[in-house]
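Single-letter residue listing:
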Protein chains: 2
Amino acid sequence: MSKKYVYMFSEGNASMRNLLGGKGANLAEMTNIGLPVPQGFTITTEACTKYYEDGKTISDDIVAEIYEAIAKTEKIAGKKFGDPENPFLVSVRSGARASMPGMMDTILNLGINDVAVEAVAKRTNNPRFAYDSYRRFIQMFSDVVMCIEKSKFEAILDAAKEAKGVQMDTELDADDLKNVVVKYKELYKKEMGVDFPQDAKVQLMEAVKAVFRSWDNPRAIVYRRLNDIPSSWGTAVNVQSMVFGNMGDDCGTGVAFTRDPATGEKRLFGEYLMNAQGEDVVAGIRTPQPISSLENTMPEVYKQFVNIAKTLEDHYADMQDMEFTIEGGKLYMLQTRNGKRTAPAALRIAVDLVKEGKLTKEQAIMKVEPGQLDSLLHPQFDAASLKAAKPVAKGLPASPGAAAGKLYFTAEDAIAASGRGEKVILARQETSPEDIEGMHVSEGILTARGGMTSHAAVVARGMGTCCVAGCGEVVIDEEKKTMTLSDGRVLTEGQEISLDGSTGNVYAEYVKTVEAQVTGDFGTVMGWADEIRKLKVYTNADTPKDAEQAVKFGAEGVGLCRTEHMFFAEDRIAAMREMIVSKTVEQREKALAKLLPMQREDFKGIYKAMEGKSVTIRFLDPPLHEFLPTDPEDIKALANEMVMPYEELVATIEGLHEFNPMMGHRGCRLAVTYPEIAAMQTRAVIEAAIEVKQECGYDIVPEIMIPLVGEVKELKYVKDIVVKTAEEVMKEKGVTLKYMVGTMIEIPRAAITADEIAQEAEFFSFGTNDLTQMTFGFSRDDAGKFLEDYYSKKIYESDPFQRLDQKGVGQLVKMAVKLGKQTRPDIKLGICGEHGGDPSSVIFCHNAGLNYVSCSPFRVPIARLAAAHAVVLEKQQ
Amino acid sequence: MSKKYVYMFSEGNASMRNLLGGKGANLAEMTNIGLPVPQGFTITTEACTKYYEDGKTISDDIVAEIYEAIAKTEKIAGKKFGDPENPFLVSVRSGARASMPGMMDTILNLGINDVAVEAVAKRTNNPRFAYDSYRRFIQMFSDVVMCIEKSKFEAILDAAKEAKGVQMDTELDADDLKNVVVKYKELYKKEMGVDFPQDAKVQLMEAVKAVFRSWDNPRAIVYRRLNDIPSSWGTAVNVQSMVFGNMGDDCGTGVAFTRDPATGEKRLFGEYLMNAQGEDVVAGIRTPQPISSLENTMPEVYKQFVNIAKTLEDHYADMQDMEFTIEGGKLYMLQTRNGKRTAPAALRIAVDLVKEGKLTKEQAIMKVEPGQLDSLLHPQFDAASLKAAKPVAKGLPASPGAAAGKLYFTAEDAIAASGRGEKVILARQETSPEDIEGMHVSEGILTARGGMTSHAAVVARGMGTCCVAGCGEVVIDEEKKTMTLSDGRVLTEGQEISLDGSTGNVYAEYVKTVEAQVTGDFGTVMGWADEIRKLKVYTNADTPKDAEQAVKFGAEGVGLCRTEHMFFAEDRIAAMREMIVSKTVEQREKALAKLLPMQREDFKGIYKAMEGKSVTIRFLDPPLHEFLPTDPEDIKALANEMVMPYEELVATIEGLHEFNPMMGHRGCRLAVTYPEIAAMQTRAVIEAAIEVKQECGYDIVPEIMIPLVGEVKELKYVKDIVVKTAEEVMKEKGVTLKYMVGTMIEIPRAAITADEIAQEAEFFSFGTNDLTQMTFGFSRDDAGKFLEDYYSKKIYESDPFQRLDQKGVGQLVKMAVKLGKQTRPDIKLGICGEHGGDPSSVIFCHNAGLNYVSCSPFRVPIARLAAAHAVVLEKQQ
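Residues numbered from 1 in each chain as written. Chains lettered and ligands numbered in written order. Predicted model: local features only at pLDDT ≥ 70, side-chain atom pairs only at ≥ 80, totals over all residues. Heavy atoms only, no water.

**Examining the overall build of chain A**
Point 1. Along chain A, the regular secondary structure elements total 35 helices and 31 strands.
Point 2. Taken against the 2.2 N^0.38 rule, which gives 29 Å for 877 residues, the C-alpha radius of gyration of chain A at 32 Å falls within 12% of a compact globule.
Point 3. Over its C-alpha atoms, taken along the principal directions, chain A stretches across nearly 100 × 65 × 55 Å.
Point 4. At a minimum sequence separation of 6, the contacts of chain A that also span at least 24 residues come to 69%. (Helix = DSSP H or I, 4+ residues; strand = E, 2+ residues; numbered from the N terminus. Rg over C-alpha atoms; globule rule 2.2 N^0.38 Å. Contact = heavy atoms within 4.5 Å.)

**Re helix 9 (residues 218-226) of chain A**
Residues and elements named next belong to chain A.
Point 1. Within the sequence span of helix 9, burial applies to Ala220, Ile221, Val222, Tyr223, Arg224 and Arg225.
Point 2. Here the buried face of helix 9 lies against helix 8 (200-214), helix 18 (436-440) and helix 32 (780-792).
Point 3. Capping of helix 9 at its N-terminal end is provided by asparagine 217; its side-chain oxygen lies 3.1 Å from the backbone amide nitrogen of arginine 219.
Point 4. Among the residues trailing helix 9, aspartate 228 stands out with phi positive, at a value near 55°. (Buried < 20%, exposed > 50% of the residue type's maximum accessible area, 1.4 Å probe, protein only. Polar contact = N/O pair within 3.5 Å; in protein donor to acceptor, adjacent residues only side chain to side chain.)

**Some remarks on the relation of the copies chain B and chain A**
Point 1. Rotating chain B by 180° about the axis while translating it 0.0 Å along that axis superimposes it on chain A, leaving an RMSD of 0.1 Å. Such a turn and shift between the copies fits a two-fold axis. Closest approach to the rotation axis within chain B is made by the C-alpha atom of asparagine 660 of chain B, at a distance of 2.1 Å.
Point 2. The fraction of interface residues of chain B whose copies in chain A are also interface residues reaches 100%, indicating that both copies meet through the same surface. (Least-squares fit on C-alpha atoms with pLDDT ≥ 70 in both.)

**As for the state of the cysteines**
Point 1. Taken as a whole and judged by the stated rule, the model has zero disulfides over all chains.
Point 2. No disulfide involves cysteine 855 of chain A; its nearest neighbouring cysteine sulfur is the one of cysteine 845 of chain A, lying 10 Å away.
Point 3. Just so you know, cysteine 467 of chain B is unpaired, no disulfide at all, and the nearest cysteine sulfur is the one on cysteine 466 of chain B, 7.2 Å from it. (Disulfide = S-S within 2.5 Å.)

**A short note on the sheet that holds strand 7 (residues 269-274) of chain A**
Residues and elements named next belong to chain A.
Point 1. Within the open sheet, the five strands sit side by side as 8-7-6-9-10. Their pairing is antiparallel. Looking at strand neighbours, the two that pair on one side only are strand 8 (289-290) and strand 10 (330-338), the edges of this open sheet.
Point 2. For strand 6 (residues 252-257) and strand 7, the ladder comprises six bridges, and the chain directions are antiparallel. For phenylalanine 257, the partnering residue across the bridge sits in strand 7 and is phenylalanine 269. (Pairing = 2+ DSSP bridges.)

**Description of the domain arrangement of chain A**
Residues and elements named next belong to chain A.
Point 1. Domain annotation of chain A identifies domain 1 (6-243), domain 2 (244-341), domain 3 (378-514), domain 4 (533-623 + 658-876) and domain 5 (624-657).
Point 2. Each of domain 4 and domain 5 was reduced to a C-alpha centroid, and the two centroids are 30 Å apart.
Point 3. Buried area between domain 4 and domain 5, summed over both chains or domains, comes out near 1,600 Å², and the portion from carbon and sulfur atoms is 72%.
Point 4. At the boundary of domain 4 with domain 5, the tally comes to zero salt bridges.
Point 5. Between domain 4 and domain 5 we count six residue pairs in polar contact (both at pLDDT 80 or more) in total. (Domains from an automatic or database assignment. Buried area = accessible area lost by both parts, 1.4 Å probe. Salt bridge = Lys/Arg side-chain N within 4 Å of Asp/Glu carboxyl O.)

**Some thoughts on the environment of leucine 407 of chain A**
Residue and element names in this part refer to chain A.
Point 1. As for its position among the elements, leucine 407 is in strand 14 (residues 402-408).
Point 2. For leucine 407, a relative accessible area of 0% puts it in the buried group.
Point 3. Once the C-alpha coordinates of leucine 407 and threonine 336 are considered, the two residues, 71 residues apart in sequence, prove to be 37 Å apart.
Point 4. The contacts of leucine 407, once residues within four sequence positions are left out, are Ile425, Ala427, Met483, Leu491, Thr492, Glu493, Gly494, Gln495 and Ile497.

**A short note on the packing of helix 5 (residues 127-145) of chain B against helix 8 (residues 200-214) of chain B**
All names here are of chain B.
Point 1. Between helix 5 and helix 8, the least distance of the axes is 10 Å, while the angle of their chain directions is 45°. Classified by the angle their axes make, helix 5 and helix 8 are oblique. In the crossing of helix 5 with helix 8, the sense of the turn from one axis to the other is left-handed. Across the interface between the two elements, Phe137, Phe141, Val144 and Val145 from helix 5 touch Gln203, Glu206, Ala207, Ala210 and Arg213 from helix 8.
Point 2. Of the residues that constitute the contact of helix 5 with helix 8, the class distribution is six nonpolar, one polar and two charged. (Axes fitted to C-alpha atoms, helices over the stretch in contact; angles between N-to-C directions. Parallel < 35°, antiparallel > 145°, perpendicular 65-115°, else oblique. Left-handed = near helix turned anticlockwise from the far one by under 90°. Nonpolar A, V, L, I, M, F, W, Y, C, P; charged D, E, K, R; others polar.)

**Regarding the UniProt feature "domain: Pyruvate phosphate dikinase AMP/ATP-binding" (unreviewed entry) in chain A**
Point 1. As annotated by UniProt and renumbered to match this structure, "domain: Pyruvate phosphate dikinase AMP/ATP-binding" (unreviewed entry) occupies residues 18-56, 58-294 and 303-349 of chain A.
Point 2. When the span residues 18-56 of chain A is considered, its composition is 62% helix and 10% strand, and the gap between its end C-alpha atoms is 21 Å. (UniProt positions renumbered as here; feature names shortened; annotations may be inferred.)

**Some details on the interface of chain B and chain A**
Many analyses report the size of an interface as the accessible area lost when the parts associate.
Point 1. Chain B puts 50 residues into the contact, and the matching count from chain A is 50 residues.
Point 2. Seen at the junction of chain B and chain A, the total is six salt bridges.
Point 3. Remark: the boundary between chain B and chain A carries 27 residue pairs in polar contact (both at pLDDT 80 or more).
Point 4. Breaking the side of chain B that touches chain A down by element, the ones donating at least two residues are helix 26 (668-673), helix 28 (712-733), helix 29 (748-752), helix 31 (768-776), helix 32 (780-792) and helix 33 (809-823) of chain B.
Point 5. Of the residues belonging to the side of chain B that touches chain A, the class tally is 21 nonpolar, 13 polar and 16 charged.

**Examining empty space enclosed by the protein**
Rolling a probe over the atoms, with the probe sized like a water molecule, indicates the empty space that remains.
Point 1. Within this structure, the stated rule accounts for 10 cavities of 30 Å³ or more.
Point 2. Of the volumes computed, that of the largest cavity is approximately 120 Å³.
Point 3. Secondary structure elements with two or more residues in the lining of the largest cavity: strand 3 (90-96), strand 5 (235-241) and helix 10 (278-282) of chain A.
Point 4. Counting the residues that make up the lining of the largest cavity, at least three belong to each of domain 1 (6-243) and domain 2 (244-341) of chain A.
Point 5. Here the second largest cavity defines a volume of roughly 100 Å³.
Point 6. The residue makeup of the lining of the second largest cavity, split by class, is five nonpolar, seven polar and one charged.
Point 7. Taken together, domain 1 (6-243) and domain 2 (244-341) of chain B each give at least three residues to the lining of the second largest cavity, which thus spans both. (1 Å grid on protein atoms, 1.4 Å probe; cavity = no way out; pocket = protein on both sides within 12 Å on 5 of 7 lines; lining within 4 Å. Points joined across faces, edges and corners; volume = space filled by probe spheres on them.)

**Thoughts on the environment of lysine 152 of chain A**
All names here are of chain A.
Point 1. Tracing the sequence through the fold places lysine 152 in helix 6 (residues 150-164).
Point 2. Given the relative accessible area of 33%, lysine 152 is considered partly exposed.
Point 3. Between the C-alpha atoms of lysine 152 and aspartate 477, which are 325 residues apart in sequence, the distance is 24 Å.

**Regarding the sheet that holds strand 3 of chain A**
Residues and elements named next belong to chain A.
Point 1. An order of 1-2-5-3-4 is seen for the five strands of this open sheet, with the pairing classed as antiparallel. Strand pairing shows two members of the sheet lacking a second neighbour, strand 1 (6-8) and strand 4 (106-110), which therefore form its edges. Neighbour-to-neighbour, the strand axes of this sheet turn through a mean angle of 20°, independent of strand direction.

**Structural notes on the packing of helix 4 (residues 114-124) of chain B against helix 5 of chain B**
All names here are of chain B.
Point 1. It is the contact of helix 4 with helix 5, at a shortest axis distance of 7 Å, that shows an interaxial angle of 150°. Helix-helix and strand crossings are classified by hand; for helix 4 and helix 5 the assignment is right-handed. For the pair helix 4 and helix 5, contact is made by Asp114, Val117, Glu118, Val120, Ala121 and Thr124 and by Pro127, Phe129, Ala130, Tyr131 and Tyr134, respectively.
Point 2. Per-class residue counts for the contact of helix 4 with helix 5 are eight nonpolar, one polar and two charged.

**Here's the deal with helix 5 (residues 127-145) of chain A**
Residue and element names in this part refer to chain A.
Point 1. A rise of 1.5 Å per residue sets the reference length of helix 5, with its 19 residues, at 27 Å; its end C-alpha atoms lie 26 Å apart and thus fit the reference within 8%.
Point 2. In terms of residue burial, helix 5 counts as a mostly covered element, since 15 of its 19 residues are buried.
Point 3. Looking one or two places after helix 5, you find cysteine 147, whose phi comes out positive at around 60°. (Expected span 1.5 Å × (residues − 1).)

**Describing the pattern of salt bridges**
Point 1. One pass over the full model with this rule turns up 145 salt bridges over all chains.
Point 2. Put simply, arginine 135 of chain A and aspartate 169 of chain A hold a salt bridge, and the shortest N to O gap is 4.0 Å. Of the two residues, arginine 135 of chain A sits in helix 5 while aspartate 169 of chain A sits in the loop between helix 6 and helix 7 (174-192), which places them 34 residues apart along the sequence.
Point 3. For arginine 135 of chain A, a relative accessible area of 6% gives the class buried.
Point 4. Exposure remark for aspartate 169 of chain A: the relative accessible area of 32% places this residue in the partly exposed category.
Point 5. Salt-bridge contacts for glutamate 362 of chain B lead to lysine 875 of chain B; the nearest nitrogen and oxygen are separated by 2.7 Å. Of this pair, glutamate 362 of chain B sits in helix 14 (residues 361-365) while lysine 875 of chain B sits in helix 35 (residues 860-876), and the two are 513 residues apart along the sequence.
Point 6. One connected set of salt bridges, linked through shared partners, spans Arg600, Lys604, Lys608, Arg683, Glu687, Glu691, Glu695, Lys724, Glu728 and Glu732 of chain A.

**Let's talk about the side chain of serine 498 of chain B**
Point 1. By secondary structure assignment, the location of serine 498 of chain B is in strand 21 (residues 496-500).
Point 2. In this structure the side chain of serine 498 of chain B is engaged in a polar contact, spanning 3.0 Å, whose partner is the backbone nitrogen of valine 511 of chain B.

**With respect to the packing of aromatic side chains**
Point 1. A full pass over the atoms with the stated rule returns 42 aromatic pairs over all chains.
Point 2. Here tyrosine 188 of chain A and phenylalanine 196 of chain A contribute two aromatic rings whose centre-to-centre distance is 4.9 Å and whose plane-to-plane angle is 80°, an arrangement assigned as edge-to-face. Accessibility classification places tyrosine 188 of chain A together with phenylalanine 196 of chain A in one group, the buried group.
Point 3. With 5.7 Å between their ring centres and 75° between their planes, phenylalanine 778 of chain B and phenylalanine 786 of chain B make a pair best called edge-to-face. Like phenylalanine 786 of chain B, phenylalanine 778 of chain B is buried.
Point 4. Here a set of aromatic residues connected by ring pairs shows up, and it is made of Phe776, Phe778, Phe786, Tyr790, Tyr796 and Phe801 of chain A.
Point 5. The residue whose ring lies beneath lysine 4 of chain A is tyrosine 7 of chain A, and the NZ or CZ to ring-centre distance is 4.9 Å.
Point 6. Here lysine 201 of chain B stacks its cationic end above the ring of tyrosine 67 of chain B, 4.6 Å away from the centre of that ring. (Phe/Tyr/Trp six-rings, centres within 6.5 Å; stacked < 30°, edge-to-face > 60°. Lys NZ or Arg CZ within 6 Å of the ring centre and 35° of its normal.)

In structure tokens, the structure reads:
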């Protein structure tokens, strides 16, 4: 049997999301449970994939299936495409597996033509509506399908208004619009060389192709990369009988959530506009009414909608985001989906749904995206500073959290400023999909127009970025790059500003921010995650402050303490430099002796902060030249300090130059050439542990981690120094202490020969930053130059430094796990690359059989939740 | 049963080489076939390994086994250690699996002490001999076992000679030597704080330990690295009853080969010294007599020796290198082994042994070391230049081939000059094992002293380096760094000099050299190798000249044609730079259009040289900044040429700077960002093939190789450009042409995802240079700084850039082969890294299932022979 590419809504259901896309699957599901859905059909995601495989053409088989589905839908609707009496009009909408709001194209009123428009006028007894629909369709089709600039159509409309001396579209009557349609068609013919297509099937096939094409438009590609959506998924296309919210005053359209998407409060939450088409609400151009007011306007419809909302939430056991249209007083459901929500809302809804008996704890934690927690871990305003601050404007609290930074008015400027290391607040009249990258780099987003469901609000919530939307009190001039407050003050680019996404307040000053706490619903959900997860979560911390912060966020150990950062401090760099430029072992040991007490204090601080938990200390890793000055003046100063001829010091520094420092003399290679460095570090690790035991009673089991190992003998050489020194220290102090020696697996050869390396290593910690660099053969510092081309040409879909490349790097991780366990079944396995805080990578680590992930303190709760997700996902398979 | 660590000679045989070492196994074999061998026992290589495992101690079990073996040997000899009537003396010699001439320690006369010396004097009726033996033993034991400086003993001996007013050791009588022994023992006590050990068993155990230790002395480590001998093999220790060649005029000692080791001629070839101990011959201090003269001196002994030599050669079916001693007119065999020989000798012996019916062709090719052929492929003197040149001195033709270079007098100076890129001739009074690295970097070696079996001669032949030894006509002053000719002319450091290792001639001028031909025995053996081997041998060639040379050496195709070298020529670099600094696609295409005809001519030249054989062309690989000037003056000139502001050009060049260029914007990444480069190169490849077909009738099937691929989509992107362009060109020309598109596997991720990559790649060529860099995580340019430490600390035993790392990099190769074939069973597989010309790596490639290896033209015959070896070795397993 050949594959089926087109499904009537009545043939699908909610479980067919991968095939029908989210929208299509839910339209089918709503049809099945008897809700009022305008009927139609879904062209599958596989048809989209095939479209690309077939060199961007729709195969004859699929065309035939679509025609058959049209015929069936016409029959259901009792209308026919192009019928002079009762013409059939449809909407054509994209619908991928994952929601990609506003990323792809939608076409309404398809099927209308010179004949149908008259029929519509007659049947609705509303010629103005008929011609308005036609002119909207021509404009949308020309723009979306044929890429004719929208502004050319707008110019015709503006001219019509000017000719009539009116301001609003609504002031144009049927004849005016009829005239506009004539001009629109002339423009189309001029641009395309052919007449505007009158055949509805031709219109439809072109629209379907446009939707398929839009899957690959630049903003969709960027969105997919930011949201880890593979391009192979493709989008489905939903073709649905049109219902009209803009046929008169008994018509309307709206969107609503079954709970408050900002707070999670259990109340119907949404907005609608009377006499409008769907896009008018989400586009944020007219300010809509709250859903509750519909109770007064149309009580029966409201009651029906409330019931449907309850039915849908119960059915999906999740907060629903619904779109509806009212046509001639009759309610139609156009869409339902699990609603996007802020992190606090996600936590509250998860906790409430468990309380309501609708979800188990395991189901509930899956309703919270780990990455979303990020917003809760970001700064909130410091209470005292907030008290002292005075809001200068108030908008809608569209996405919670607090943000302070410098003001920029375009996505480009925001990206540039962020690149310079500035904290950025992006202020826009309203945002559009083109702004998405600029929004991503911003601490907070402010818009002057648009509601809670505007583009800015939806996207910011998805990103977990603070957003104040629809702040009509301020005037934003994107051209002049100014923002004028209601009191007349003008803020310019680069000025400091603060936003409170939870209250909607805007401050024309820098308001100090503080960290959030893991309490309340957040604490409850994290508790459930801890019960469920099997992976331990450690932190990467180089200072006692970081370690303390991480413990507050639930870290169970330090997976990576980088010792090199400790040597850059003003009071240490001199001794470090002395060590580096030493010519003999004796000179080097003398310099190291100065560093020893400092290093010992570093470790004591971290041990104390971790209160006896595991602490993994990585020995000196970077190439030594990183510690030396480059400026001639600085070199002169150092030469004086060292009592060393300037030329000799210059020669020493030049001697340390490397062609490819990342692949040079660093990591354990330093300890091989200068074993005395490893000896000093071992002494500091062990002495500190003994002292902390004596001072605080904590039983520290330090884990000494040798970096950049590629060969077991290399590890053994350094380990022998560590063991010898540790034994000496313990003998001197008369204390016996347990400690471990392990290695990072960050060189491909280490993964490949992990069975041998495990003979010496008591633990492996996957250093996936370097492992990614070596496995891909590009350095992170240099790859920026060409990775953009790789994204735009769809060679890579995500940044392998952000999200672990499971196909390549992941294979090496799995190989090393298997080989390591073969040699040493109880080997401790963890990851300390930045991937340790990336949810999809944490899930990979769980599946690969690691014991722990280690990530930056602020990612610890994210990793805890992702680790719990991993357990649930594993059970589901 | 516990492991046996000590074997009597009568318990072993030749097959036990790994356990007993080469020397021990052959002493056992000679014992078995009834030859006159002084009896003794071998302490196994496993005992050496255990000695290191046990922290450099000999376990009690092994000590007990040794004592037992001593007792048995004493019984056979009818003597006893320390016996006042008939004392037992032994030699203690190292003996590894592979011959390591002069690398490790030997101790003679062990067992002698204050009592035994008197007994020896009495029994031999030769007190001078007895005391000479004792003083030699004290000196050797003190030096080798106790590391007391030899010169301190020599000073005592010199003082004794001076006191007596004589010049030669032999002029000292028994009483003088007795006195020397007293002073030697005093010195020993002063140095060591204890008396010289009188207990023979104590002497023996210390000597055994010294031999084990010598396995790890620095010169042995260097030798192992140069000869690919793993340190895990360990050395055996042979303890053998002493026989004395220095007891009088009916005594002697010598070494001989069953065929001429320089030419392979079938004649007994060797040297001996009457009244001497073995080390006197090989040390080259006294000039020995040719073996043939022994027929006159001791006709019976000579006849017996000739018979033994024939027996041994027939037994081993190979040319033997034997050591013998005559004591009181009786012949003893001390050693036999397959003799080292020059490459011409190896070829002639192999061919002759097949003619003599002693070996099959398969056996015969195994008698020729592939690496040795290198010497035949190096320059010989150009006949005309040689005719014009006048020899200034003549020495022994110790290792054939011709060499011309600059004169240096110490190993250090030779290494330094070689590091500067100079061709070096090393001239030494005589060489010693300390000189080995200096010899390795030299084109030729000249010594003033020593015979054909001197250290210099043996080592140079092993290395395939030209050597003139024992050139007594010249006076070499190593301190003053001068060489004085017989006519009084003084040559100084850095002067040009030429050597002919085949005639022994020395020229005080530069004599032009030419390439050798693969003819005669060489041609015969290569013919056999070609019959046997399965791997094809291609060459790396960037120019028609290289390609022609390679074809002469038997190359069957071009496995790597690097296109970037073509752009550095004076007439091209300008267009290349124009291309690089282009701001738009149009500018870039304009510059590329200038490069196209040049590139097309390059390819035509190579196609013609290869006469229709496979040609694999790698597309542009290096980072672009390599083509740009760095000097401000050059940049100014380029800016003028380009009509571009200087500052803009500087900014462009700076923009191309990379932190780690090896892992930056290069390889196929260039083609992804600038597809027009790949398009131009494709056009050149295809147009050239069409034109050569039309001009010469060769059917070229160009293989286009995309470098640095890590992901299949990256390859597909570039391949799509290649295919599109190729189709265009063929359409334009109205010609259809077969061509292939493949990739280098040089990024670890490419190996790991080779199944995916094979979907697009029609061939894989392993770029093991880069693959080694990425797999080890160090860059070849930078690793030099620390690899010496890695060798000396025994972390790496060979240079992974020379010899393929089979454990790490080799695993990736095997993985890629398996995955690649899984997807595309007929995928063509080759290697084009420098390892393609390394014999052990070629054998690996055969076993890994590759179709071809590609190497530099001069390595082609080596690879052909190694590929044949691989087949034979595979059958043997």
